[in-house]
Amino acid sequence: MSRKALFAALAGILATALLAAAAEGGVSGSLAAGTGSSASAESAVFRVDSSSLPLGADSSASPARRPDSAALAALDAKLSEYLLSLTPQVERVKEGECDFLISSCEDSLLRQRIALKAYDFYLTSHLMGDEAVAIHIFDKWFASGRVKMLSDVDFMNAGVFADFNRSSLLGCTAPRLTLQNMGGGLEQAPRDGKVSLLFFYDTSCSKCKMETILSKQLLRSGEYVFDFFAVYTGASRTEWVEFIKSNYGFETPGVSVHHLWDPELSSDFQRLYGVLQTPRIFLVAPDGEIIGRGLDTEAAIKLLPYATMLQALYDRCPVGGRLPDVSVSARLLKGRSPGKARVFSLRKFRGSPGYVFFYSRSCSRCRSQMEKVDSVLSSGRRTRILMVDMDALQRDYPQMARECLDSFDLTVLPKVLRVDRRGRVLSRSDSF
């Protein structure tokens, strides 16, 4: 069944639930479809006259005004089926679909039910990245007060989950930690310029011991080149040292191993990486982007070939190095000049500061960054921004687009490169 058909069925079940409520409690409502040539099942809008039903928790005062339980059970089943149909979509699409479903229902009880079901669906999902959707729903609907959770305890737990995970979601820049090594010196983890695997563990954790055995096989193999940061989360230096001696006394070809800990908990690693329990394993790309979270060693091994590809792309345009000798069709913005599309050699591009902005007009995150362009330009008279529309480049100059994809990590847009007046790359990010 297509997503449109699923949505139509979902709309029909919700309409049935509302009609049952209206028949029993006098709630007036309607199901209206979007108008215009683009109208479809996915543009349906649910509306209930909120004046007939009190908002918030008070709307549960009269059992007669509750939608029919059988209709609600069918609604829950169809909602789960609809959310499952979104599995191949990226997180921002899932977030938009959930926002539409929740906002479309003006009746507070049904809005609460849909919001809670969607939140629980993504909170308990085993698909890496779905937790970002749960956090989005919490922030937009529950934390804002637009929808109530069932209890204060539920709200508190959801808030803790959001606060302890929002900094380490997929696509985020990995938080930089300053930790102690075995000699008492300070080291940073992860580091720029190299694939990093972060392993948070405790010596008393049985699952950590299992992951340690598996990670030893990976480190011994020498198949991949990366930095391995083993971060002990306990407080006993004696147990920590003994654990390292017992498990890591071997050569690790291609892998730089760093044993670190934070006895004073000054780095805030628990909140920044959501280390409420162990083990916690993260894979970080050379430019600092989190590309794997909540992993086990087996899953990390499956992601390492992808990370190796990102390493190769990073090495072609490293921080501190010159831009590759690639030409692009782009618009150059400086001052109040709107700029016209023409061909530029990236090797010759420079600024003080200068930015190369790779984007897609169909990407909501790209559009949010485009809104910041004017403020960035106004920050300095000599600021220059080279705007590279990847959709237009692929359409009009496919060879240039292939050269860009071969030279830069553009797997996720937007991508912002900051360069100095000599054309050297100062930073790589997904935002200005």
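Quick summary incoming for the structure in this document.

Calculation rules
Residues numbered from 1 in each chain as written. Predicted model: local features only at pLDDT ≥ 70, side-chain atom pairs only at ≥ 80, totals over all residues. Heavy atoms only, no water. Axes fitted to C-alpha atoms, helices over the stretch in contact; angles between N-to-C directions. Helix = DSSP H or I, 4+ residues; strand = E, 2+ residues; numbered from the N terminus. Parallel < 35°, antiparallel > 145°, perpendicular 65-115°, else oblique. Left-handed = near helix turned anticlockwise from the far one by under 90°. Contact = heavy atoms within 4.5 Å. Nonpolar A, V, L, I, M, F, W, Y, C, P; charged D, E, K, R; others polar. Buried < 20%, exposed > 50% of the residue type's maximum accessible area, 1.4 Å probe, protein only. Lys, Arg positive; Asp, Glu negative; His and termini not counted. Salt bridge = Lys/Arg side-chain N within 4 Å of Asp/Glu carboxyl O. Phe/Tyr/Trp six-rings, centres within 6.5 Å; stacked < 30°, edge-to-face > 60°. Lys NZ or Arg CZ within 6 Å of the ring centre and 35° of its normal. 1 Å grid on protein atoms, 1.4 Å probe; cavity = no way out; pocket = protein on both sides within 12 Å on 5 of 7 lines; lining within 4 Å. Points joined across faces, edges and corners; volume = space filled by probe spheres on them. Pairing = 2+ DSSP bridges. Right-handed = clockwise from strand over helix to strand, strands pointing away. Expected span 1.5 Å × (residues − 1). Arc of directions from axis to C-beta. Core = buried A, V, L, I, M, F, W, Y, C linked by side-chain atoms within 4.5 Å.

Two quantities define a packed helix pair, namely the angle between the helix axes and the distance between the axes. Remark: helix α3 (residues 91–104) packs on helix α5 (residues 131–142), axes separated minimally by 9 Å, with the N-to-C direction vectors making an angle of 40°. With respect to their mutual orientation, α3 and α5 come out oblique. With respect to the hand of their crossing, α3 and α5 are arranged in right-handed fashion. Note on element contacts: α5 touches α3 through A132, V133, H136, I137, K140 and W141, opposite E91, K94, E95, C98, D99, I102 and S103. Partitioned by chemical class, the residues of the contact of α3 with α5 number six nonpolar, two polar and five charged.

The next subject is the packing of helix α2 (residues 69–85) against helix α4 (residues 108–123). Running from N to C, α2 and α4 cross one another at 45°; their axes reach a closest spacing of 11 Å. The orientation of α2 with respect to α4, classified from their angle, is oblique. Note that α2 runs across α4; the crossing there is right-handed. Touching L72, D76, L79, S80, L83 and L84 of α2 are L110, R113, I114, K117, A118, F121 and Y122, all from α4. Each residue belonging to the contact of α2 with α4 can be placed in one class, and the counts come to nine nonpolar, one polar and three charged.

Moving on to the side chain of R111. For R111, the location among the structural elements is in helix α4. It is E106 that comes nearest to the buried, bridge-free R111 among opposite-charge side chains, at 6.8 Å. Aside from chain neighbours lying at most four places away, what touches R111 is I102, C105, E106, R146 and V147.

All told, the structure shown has 20 aromatic pairs when counted by the stated rule. Seen in terms of ring centroids, F358 and F408 are 5.0 Å apart; in terms of plane orientation they differ by 45°. Their pairing is tilted. Here F358, found in strand β12 (residues 354–359), pairs with F408, found in the loop between α14 (398–407) and β14 (415–419); they are 50 residues apart in sequence, far enough to count as distant. Taking relative accessible area as the criterion, F358 reaches 0% and is therefore assigned buried. Of note, R146 hangs over the ring of W141, and the distance from its end group to the ring centre comes to 4.1 Å. The ring of F250 is capped by R220, whose NZ or CZ atom sits 4.2 Å from the centre of that ring.

Summed over the entire model, instances satisfying the criterion amount to one cavity of 30 Å³ or more. Along its surface, the largest cavity is lined by L197, F199, E211, S215, F228, I281 and T297. When residues of the lining of the largest cavity are traced back to their parent elements, those giving at least two are β5 (196–201) and α7 (206–221). Among the residues forming the lining of the largest cavity, the class breakdown is four nonpolar, two polar and one charged.

Attention now goes to the pairing of β5. For β5, the buried fraction is high: six of the six residues fall into the buried class. What you see with β5 is no split at all: S196, L198 and F200 on one side and L197, F199 and Y201 on the other are buried throughout. Judged from the six bridges that link them, β5 and strand β6 (residues 226–232) form a sheet pairing that is parallel. Looking across to β6, one finds that S196 is bridged to D227. With respect to chirality, the unit in which β5 leads through α7 into the neighbouring parallel β6 is right-handed.

When strand β3 (residues 177–181) meets strand β4 (residues 186–189), the two strands line up antiparallel, connected through four bridges. Bridge pairing in β4 links T178 to Q188. The loop that links β3 with its antiparallel partner β4 comprises four residues; one of these, G184, has a positive phi angle of about 90°. The sheet contact formed by β3 and strand β7 (residues 255–261) spans two bridges and is antiparallel.

Right, let's get into the sheet that holds β5. Read from one edge to the other, the open sheet built from seven strands follows the order β4-β3-β7-β6-β5-β8-β9, with strand pairing classed as mixed. Each edge of the sheet is formed by a strand with only one pairing partner; in this case those strands are β4 and β9 (290–292). On average, adjacent strands in this sheet sit at an angle of 40° to one another, irrespective of strand direction. Its contacts with the sheet put α7 on β5, β6, β7 and β8 (280–284), and the angle it makes with β5 is roughly 155°.

Right, let's talk about helix α6 (residues 152–163) for a bit. Taking 1.5 Å of rise per residue, the twelve residues of α6 would be expected to cover 16 Å, and the 16 Å separating its terminal C-alpha atoms lies within 8% of that figure. All of the buried residues in α6 are A158, G159 and A162. For α6, the arc enclosing every buried residue in end-on projection is 100°, short of the 170-degree limit, so these residues lie on one face. On its buried face, α6 sits against α4 and α5.

The nonpolar side chains of a soluble globular protein tend to be buried, and buried together. Of all hydrophobic cores here, the largest spans 36 residues; its most connected members are L323, V328, F358 and I385. Considering every element that reaches this core, the biggest residue donor is β12, with five residues. Among all residues touching L323, those that are not within four sequence positions of it are C317, L346, R347, F349, V356, F408, L417, V419, G423 and V425. By size, the runner-up hydrophobic cluster in this structure holds 30 residues, among which are L197, L219, A285 and I291.

What follows concerns the layout of surface pockets. Size it by volume and the largest pocket reaches roughly 1200 Å³. Contributing to the lining of the largest pocket are 47 residues, with L170, G171, E289, R365 and V412 lying nearest its centre. In the lining of the largest pocket, the residues fall into 20 nonpolar, 14 polar and 13 charged. For the second largest pocket, the calculated volume is near 730 Å³. Surrounding the second largest pocket, 24 residues form its lining, Q277, R280, R293, G294 and L295 being those nearest its centre. Within the residue set of the lining of the second largest pocket, elements represented by two or more residues are α7 and β8. In the lining of the second largest pocket, the residues fall into ten nonpolar, eight polar and six charged.

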